Amino acid sequence: MRAAVLRDGRMVCRDDVPDPVPGPGQVLVAVRACGICGSDLHFAAHGEEVLALGAKGGFGDMGVDLNRDVFMGHEFSAEVLEAGPSTDTHPPGTLVTSIPVLLSGNSVEPIVYSNRTVGGYAERMLLSAPLLLPIPNGLDPRQAALTEPMAVGLHAVNKSRIERGEVALVIGCGPIGIAIIAALRARGVETIVASDYSPKRREVATAMGAHQTLDPAQGSPFDTVTPAVVFEAVGVPGLIDDIILRARPGTRLVVAGVCMQPDTVHPFFAIAKEINVQFVLAYDPNEFAESLRAIAEGDIDVAPVITGEVGLDGVGAAFDDLADPERHCKVLVTP
């Protein structure tokens, strides 16, 4: 079968990948759509750094050898083809999605980066039967593929404990910032302000529910709005410290941007203002299921987020294009 793989820092298309064979509790599926995630872009460019930090943080080396082809793709929708031995699951033809985890015997492998487990940048892949969620309401599988990134935004909003009448400021309107905005809107938050340098991203933020957008090149967003909750969705050194310096006393700061470099903050300002800082990552299975429901029932319209679509042979070019925030928000791979 065909699959796009990471090789020497570039995405290339292979047509000789062996078809995955489902074991007990597993299902073979045909990938219908898979979103390109910013974490995949970062891993392609800085894989050694990601693996080194993971090992230093006690997460191991993820079992990934960058000298071999790496499979990726964790924002997917798919169609059930066949089940493994002694596996009860949905009938062939059922459209599904799943949290990106493959159960195999007593092992659990995240479907993120792997030399052996095929991800969503492929014609077919394996999923875990107990984790499958049927795509409801005739939802377009391309939109269902955005369940995973929308769940990341929902998790950040849940961790913030924001109330409808509180002002939210979202700094950074890439895919995760956009997902946070969507979750805030679905929750009924009455004042959502978004800040980003990119005019295109500010347009998408408005389409997804931001009531006001700001260009930080024209001045700090804190000069315009006094938020109760700030969502940091950029991940660059110095930003957390700047937020702590400018925020009002009692502000809740939720950090969703993944900064890979050492950073420096002045604890004095956070202490003096009693600022609560919450770091967030991913989601739980209930949040994933809730995000699928919200998309399927129209509480969240993900159509404005999808700005491009490529086949497996176009993944490499799409990785390059996504470096320009004026060109794309989310590109789908449709094998």
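Residues numbered from 1 in each chain as written. Predicted model: local features only at pLDDT ≥ 70, side-chain atom pairs only at ≥ 80, totals over all residues. Heavy atoms only, no water.

Observations concerning the sheet that holds strand S12 (residues 191–195)
Judged by pairing direction, the sheet is parallel, and its six strands sit side by side in the order S13-S12-S11-S14-S15-S16 without closing on themselves. The open sheet has two free edges, formed respectively by strand S13 (212–214) and strand S16 (276–279), since each of these has just one partner strand. Each adjacent strand pair in this sheet contributes to an overall mean axis angle of 20 degrees, direction not counted. The sheet contacts of helix H4 (residues 175–187) involve strand S11 (167–171), S12 and strand S14 (229–232), and relative to S11 the element is tilted by about 165 degrees. (Pairing = 2+ DSSP bridges. Helix = DSSP H or I, 4+ residues; strand = E, 2+ residues; numbered from the N terminus. Axes fitted to C-alpha atoms, helices over the stretch in contact; angles between N-to-C directions. Contact = heavy atoms within 4.5 Å.)

Looking at the UniProt feature "domain: Alcohol dehydrogenase-like C-terminal" (unreviewed entry) in the protein
Sites flagged by UniProt as "domain: Alcohol dehydrogenase-like C-terminal" (unreviewed entry) map to residues 175–296. Secondary structure across residues 175–296 divides into 41% helix and 16% strand, with the first and last C-alpha atoms of the span separated by 19 Å. (UniProt positions renumbered as here; feature names shortened; annotations may be inferred.)

Thoughts on the pattern of salt bridges
This model, assessed by the stated rule, comprises 17 salt bridges. Salt-bridge contacts for Arg14 lead to Asp69; the nearest nitrogen and oxygen are separated by 3.0 Å. Of this pair, Arg14 sits in strand S2 (residues 10–14) while Asp69 sits in the loop between helix H1 (38–56) and strand S4 (70–71), placing them 55 residues apart in sequence. Given a relative accessible area of 18%, Arg14 falls into the buried group. Two residues, Arg142 and Glu309, come together in a salt bridge whose shortest N-O distance is 3.4 Å. Placement of the pair is Arg142 in helix H2 (residues 141–144) and Glu309 in strand S17 (residues 306–310), with a sequence separation of 167 residues. Among the residues examined, Arg142 registers a relative accessible area of 36% and is labelled partly exposed. One continuous salt-bridge network, built from bridges that share partners, spans Arg7, Arg14, Asp16 and Asp69. (Salt bridge = Lys/Arg side-chain N within 4 Å of Asp/Glu carboxyl O. Buried < 20%, exposed > 50% of the residue type's maximum accessible area, 1.4 Å probe, protein only.)

Section: the domain arrangement of the protein
Accessible area lost on assembly of the parts is the figure often given for the size of an interface. Parsing the protein into structural domains produces domain 1 (3–134 + 302–333) and domain 2 (149–279). Each partner contributes to the interface: domain 1 provides twelve residues, whereas domain 2 provides 13 residues. Together domain 1 and domain 2 conceal approximately 1,100 Å² of surface at their shared face, both sides included; 72% is due to carbon and sulfur atoms. At the surface where domain 1 touches domain 2, the tally comes to zero salt bridges. Counting residues per element, the side of domain 1 that touches domain 2 draws most heavily on H1, at four residues. Of the residues assigned to the side of domain 1 that touches domain 2, the class counts are seven nonpolar, one polar and four charged. (Domains from an automatic or database assignment. Buried area = accessible area lost by both parts, 1.4 Å probe. Nonpolar A, V, L, I, M, F, W, Y, C, P; charged D, E, K, R; others polar.)

Description of the packing of aromatic side chains
Inspection of every chain in the model, using the stated rule, returns four aromatic pairs. Seen from their ring centres, Tyr121 and Phe319 are 6.3 Å apart, and the 80 degrees between their planes marks the pair as edge-to-face. Taken together, the residues Tyr121 in the loop between strand S8 (107–110) and strand S9 (124–128) and Phe319 in helix H9 (residues 315–321) connect sequence positions 198 residues apart. An identical accessibility class is assigned to Tyr121 and Phe319; each is buried. Centroid distance Tyr283 to Phe288: 5.7 Å. Interplanar angle 45 degrees. Geometry classified as tilted. By relative accessible area, Tyr283 is classed as buried at 16%. Assessed through its relative accessible area of 1%, Phe288 is described here as buried. (Phe/Tyr/Trp six-rings, centres within 6.5 Å; stacked < 30°, edge-to-face > 60°.)

Things to note about the environment of Thr224
Locating Thr224 in the fold gives a position in the loop between S13 and S14. Relative accessible area serves as the criterion here: at 48%, Thr224 is assigned to the partly exposed category. Taking the C-alpha atoms as reference, Thr224 lies 9.8 Å from Val193; in sequence the two are 31 residues apart. Not counting chain neighbours up to four residues away, the residues in contact with Thr224 comprise Gln212 and Leu214.

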